[in-house]
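Residue-level structural notes
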Number of protein chains: 2
Amino acid sequence: MSTSENKIPYKIYLTEEEMPKQWYNVRADMKNKPAPLLNPGTLQPMGYDDLRPVFCDELIEQELDNTTAYIDIPKEISDFYKMYRPSPLVRAYCLEEKLGTPAKIYYKFEDNNTSGSHKLNSAIAQAYYAKKQGLKGVTTETGAGQWGTALSMACSYLGLDCKVYMVKCSYEQKPFRREVMRTYGANVTPSPSQTTAVGRKILQEHPGTTGSLGCAISEAVEAATSAEGYRYVLGSVLNQVLLHQSIIGLETKAALDKYGVKPDIIIGCAGGGSNLGGLISPFMGQQLRGEATYKFIAVEPASCPSFTRGKFAYDFCDTGMVCPLAKMYTLGSGFIPSANHAGGLRYHGMSPVLSQLYHEGLMEARSVEQTSVFEAAEQFARVEGILPAPESSHAIRVAIDEAMRCKETGEEKTIVFGLTGTGYFDMYAYEKFHDGQMSDYIPTDADLQVGFDGIPPQPQE
Amino acid sequence: MSTSENKIPYKIYLTEEEMPKQWYNVRADMKNKPAPLLNPGTLQPMGYDDLRPVFCDELIEQELDNTTAYIDIPKEISDFYKMYRPSPLVRAYCLEEKLGTPAKIYYKFEDNNTSGSHKLNSAIAQAYYAKKQGLKGVTTETGAGQWGTALSMACSYLGLDCKVYMVKCSYEQKPFRREVMRTYGANVTPSPSQTTAVGRKILQEHPGTTGSLGCAISEAVEAATSAEGYRYVLGSVLNQVLLHQSIIGLETKAALDKYGVKPDIIIGCAGGGSNLGGLISPFMGQQLRGEATYKFIAVEPASCPSFTRGKFAYDFCDTGMVCPLAKMYTLGSGFIPSANHAGGLRYHGMSPVLSQLYHEGLMEARSVEQTSVFEAAEQFARVEGILPAPESSHAIRVAIDEAMRCKETGEEKTIVFGLTGTGYFDMYAYEKFHDGQMSDYIPTDADLQVGFDGIPPQPQE
């Protein structure tokens, strides 16, 4: 460690004055823009008016805006951000020492709030625009529960009604997640449910089903479009979500710049892409503008390998096929990922922005198996004092792998990864791990083919 | 809000350079020192050599030192502190606005670590001195689980063995707490157990017992004294614990001083006194030296009212009566507090330092009922974005009460309270609250008399 390195504190906090005042829209710097959402019936691109029944007006504008690089963060949202932001950028001195690596490891830790993850960054923005539009409330789905919790918090703060469709198996296995949402006054329904037509249809066809994220999305969309004064909001995948989550990357970059540190490798876990997209956006922007180069690594579960084994195609975002089609790396909306404790990463698709970047070779992707993920999680917890969420631990796994590679080669690379949240509600998974009852399941090519068969015919180019 | 007030950020973080380098020992400024621990057989004060079979050497020195005001924090502990400290001092702007109070509310938030509470401040210190002495490991008890988790973390970091006796009902009701301790490699045993003579005796006499903190202490002490290379460590009550926890108050004071803020009221929840004692120590020191006056309020559960309805007397610290006698406010070591979700406050006694200060009228105490505590917790969660632990919510309750009093009188008082941790592992309690199934139990005078009858004959003055 050089003298100047010694000056970097364990945790870098920005002051309120140093906090970003604008979100960054990476699409503005992309030569090839992400493909537009298509109407599933006509296969025509969906414009502002087409999307209005489902989404809030101002969010649609953000969704469709591929050219404005910086968008002001409204004061109300900035004030809310101050409640739990800036989040610290932590120098993992203890982990580095334990690994004996010459690499310098940093992580952006997004758990300074009760939702337990980065999801609040977009939840408050979406709730704010819904409120501004004079709506009564919003609907959404949640799998692992982080997004539902975040949205419940945001709605409670703004006095909006919040209806959450929670994947049934999560609802039953994670009663405490449900209880946090109730603390914030949300209405939580296990999905599939009898409250929607699509839910009733799914229950009739699959009476014993414990639900899926795709199915909960269908129900939430129906609930929003069939009630007066409601809109649907989504915690990942969409362009607007990546825009809001850019706060993660902007803070990370500002903190690194403050100490003159330039990262070599930037790593994030990827389910729908909200954290990864937010973390890498400003760095990717530099790369797209030719100002710098980085190695970006998306990490996904081997059990749900959208990037590493999926197809780049237009596909449905939900099981009920009521949502627009999005062009993305997908395993097919009918793909049922095997049980995996990183519930937040069990989604068949991927952000169209990230999909486009990956397709162009601007980032890498790796899939990892869950027992190796929990090994990394425990190793990290013991030296860094943070109990990571299973989702976040995917990024930890690859950060440790990269640091160990540096140990072999002697390279002093600077590694940054996103630590999206804590695992307080995932102790059942840790228990399975401790008891040696955790298995790794990797889908066969035949398993994947079942999903691929459900991808709809592609529009003519 | 005046212009100067506007400059105070939502969260005040000290820099690493501003972090305290020494702990503060409030006993040095007390005219009347806390009464010494007594040998339960001879009723003679216990000196260094008497305590060596149970406690670590350097910790005994700290326990007995009533005169040194400042004690250096060893570099190894300072470095560990940097992993999760400084903790933020948060200005509760959102809560103030919601309450419509002219009061200014600050809270010191001690949850920047996986143990989920302030307990780690003393755990790392105690583990460090055990390691320095060349011991193999330490034993302890835990009720709610915060202390056990914190000690597990500290021991894992230093490579010490850690044996935790966990009150059986907690062990069964909080499997996830147990799992966090296992993540840190601790050996967790439900108490009472067959692993100790005192455990076997208690099980024989009360076959269906679900245990108590007093009983778990007895087992942990026996486990330490009957094994080579082990000592017993305790997370509250003791003078040394208050010394280590003074980091909370020192940081709080430094953060307030940085912005020229002088608090009027300082509030903390009180079980054994670790958080309250740590928070108020430097402020109490000023008061004892005649430099300032503050209103200090200890908040305890109405179901376990050591301060407000207890006796100031020498009593046993544990059920098995193997520990030294301590002079403190006590409900009697045989008092069984009713079921209450603030497990960390269910202790019959109280820190001798705080007991002495309270006895001299230097601080106030209030008892509050748990439904009103959970009302305050939920109100706080919805505006401040933090899900508080039931223990911490006792302080929130009284902080809100005091702020509402300011609203009536128009006084712009500055209120500081300690937010000791988060409630992620307490959602069962929140669920009971949401479902209207939470009851308030206040012991009758007859209930208390049963406990008082067990207080041993007092030594002659």
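Since the model is a prediction, treat every value here as computed from it, not as a measurement.

1. Brief notes about the interface of chain A and chain B
- The interface is formed by 41 residues belonging to chain A together with 41 residues belonging to chain B.
- Contact with chain B buries area across many residues of chain A, yet A:Thr183, A:Arg382 and A:Tyr424 alone supply 17% of it, more than any other trio.
- Put simply, chain A and chain B have 4 salt bridges between them.
- We note a salt bridge from A:Glu431 to B:Arg178, for which the minimum N-O separation is 3.1 Å.
- Across the contact surface, chain A and chain B share 16 residue pairs in polar contact (both at pLDDT 80 or more).
- For the side of chain A that touches chain B, the elements supplying multiple residues, two or more each, are α4 (75–84), α7 (146–158), α9 (175–183), α16 (370–384) and α18 (427–434) of chain A.
- Looking at which element gives the most residues to the side of chain A that touches chain B, the answer is α9(A), with 6 residues.

2. Regarding the domain arrangement of chain A
All names here are of chain A.
- We note that the domain assignment places domain 1 (3–21 + 85–116 + 239–452) and domain 2 (23–71 + 119–232) within chain A.
- When each unit is reduced to the centre of its C-alpha atoms, the spacing between domain 1 and domain 2 is 22 Å.
- Run the count over domain 1 and domain 2 and you get 2 salt bridges.
- For aspartate 426, the salt bridge goes to lysine 174, with nearest N and O atoms at 3.1 Å.
- Taken together, domain 1 and domain 2 are joined by 19 residue pairs in polar contact (both at pLDDT 80 or more).
- Residue assignment for the side of domain 1 that touches domain 2 shows that the elements contributing at least two residues are α12 (239–258), α13 (274–288), β12 (311–316), β13 (325–330) and α15 (352–359).
- Residue contributions to the side of domain 1 that touches domain 2 peak at 10 residues, all from α12.

3. Comments concerning the relation of the copies chain A and chain B
- Once chain A has been moved 0.0 Å along the axis and rotated by 180°, it coincides with chain B to within an RMSD of 0.0 Å. In symmetry terms, the pair is related by a two-fold rotation axis. Residues of chain A ranked by C-alpha distance from the rotation axis are headed by A:Tyr424, positioned 3.2 Å from it.
- When you check the interface residues of chain A against chain B, 100% turn up at the interface there too, and the contact is symmetric in its surfaces.

4. Describing the sheet that holds strand β14 (residues 364–368) of chain A
Residues and elements named next belong to chain A.
- Strand order across the open sheet formed by 7 strands is β1-β4-β5-β15-β10-β11-β14, with mixed pairing between neighbours. Each edge of the open sheet carries a strand with a single partner, namely β1 (11–12) and β14.
- Bridging between strand β5 (residues 104–109) and strand β15 (residues 414–419) involves 6 bridges; their strand directions are parallel. Within β15, the residue paired with tyrosine 106 across the bridge is valine 416.

5. Some thoughts on the sheet that holds strand β6 (residues 137–142) of chain B
Residue and element names in this part refer to chain B.
- The 4 strands are arranged β8-β7-β6-β9 in an open sheet whose pairing can be described as parallel. Every other strand in the sheet has two partners, leaving β8 (187–191) and β9 (230–232) as the edge strands with one partner each. The sheet shows a mean angle of 25° between the axes of neighbouring strands, taken without regard to direction.
- Across the sheet, helix α9 (residues 175–183) lies against β6, β7 (161–167) and β8, angled at about 175° from β7, the strand it touches most.

6. Looking at the pattern of salt bridges
- Inspection of every chain in the model, using the stated rule, returns 56 salt bridges over all chains.
- Linking B:Arg91 and B:Glu96 is a salt bridge whose minimum nitrogen-to-oxygen distance equals 2.7 Å. Across the pair, B:Glu96 and B:Arg91 agree in class, each one buried.
- A salt bridge links B:Arg366 to B:Glu402; the shortest N-O distance between them is 2.7 Å. Here B:Arg366, found in strand β14 (residues 364–368), pairs with B:Glu402, found in helix α17 (residues 390–409); they are 36 residues apart in sequence, far enough to count as distant.
- Connected through salt bridges with shared partners, the residues A:Arg178, A:Glu179, A:Arg182, B:Glu431 and B:Asp435 form a single ionic network.

7. A word on unusual backbone geometry
All names here are of chain A.
- The omega angle of the peptide bond from serine 191 to proline 192 is 5°, so this bond is cis rather than trans.
- You can see proline 192 is positioned in the loop between β8 (187–191) and α10 (197–205).
- Although it is not a glycine, leucine 43 sits at a positive phi angle of roughly 60°.
- The residue leucine 43 is located in the loop between β2 (22–24) and α2 (48–51) in this model.
- Exposure remark for leucine 43: the relative accessible area of 30% places this residue in the partly exposed category.
- One non-glycine residue, methionine 321, lies in positive phi territory at about 60°.
- Along the chain, methionine 321 turns up in the loop between β12 and β13.
- Classification of methionine 321 by relative accessible area gives partly exposed; the value is 42%.

8. Describing the nonpolar core
- Counting residues in hydrophobic clusters, the biggest one holds 237 residues, and the most contacted among them are A:Met363 and B:Met363.
- Discounting residues that sit within four places of it in the chain, A:Met363 has contacts with A:Leu276, A:Ile280, A:Met284, A:Phe296, A:Ala298, A:Phe307, A:Leu354, A:Leu357 and A:Tyr358.
- Counting 26 residues, the second largest nonpolar core, distinct from the first, contains A:Val167, A:Tyr232, A:Val237 and A:Cys317.

About the thresholds
- Residues numbered from 1 in each chain as written.
- Chains lettered and ligands numbered in written order.
- Predicted model: local features only at pLDDT ≥ 70, side-chain atom pairs only at ≥ 80, totals over all residues.
- Heavy atoms only, no water.
- Contact = heavy atoms within 4.5 Å.
- Buried area = accessible area lost by both parts, 1.4 Å probe.
- Salt bridge = Lys/Arg side-chain N within 4 Å of Asp/Glu carboxyl O.
- Polar contact = N/O pair within 3.5 Å; in protein donor to acceptor, adjacent residues only side chain to side chain.
- Helix = DSSP H or I, 4+ residues; strand = E, 2+ residues; numbered from the N terminus.
- Domains from an automatic or database assignment.
- Least-squares fit on C-alpha atoms with pLDDT ≥ 70 in both.
- Pairing = 2+ DSSP bridges.
- Axes fitted to C-alpha atoms, helices over the stretch in contact; angles between N-to-C directions.
- Buried < 20%, exposed > 50% of the residue type's maximum accessible area, 1.4 Å probe, protein only.
- Core = buried A, V, L, I, M, F, W, Y, C linked by side-chain atoms within 4.5 Å.

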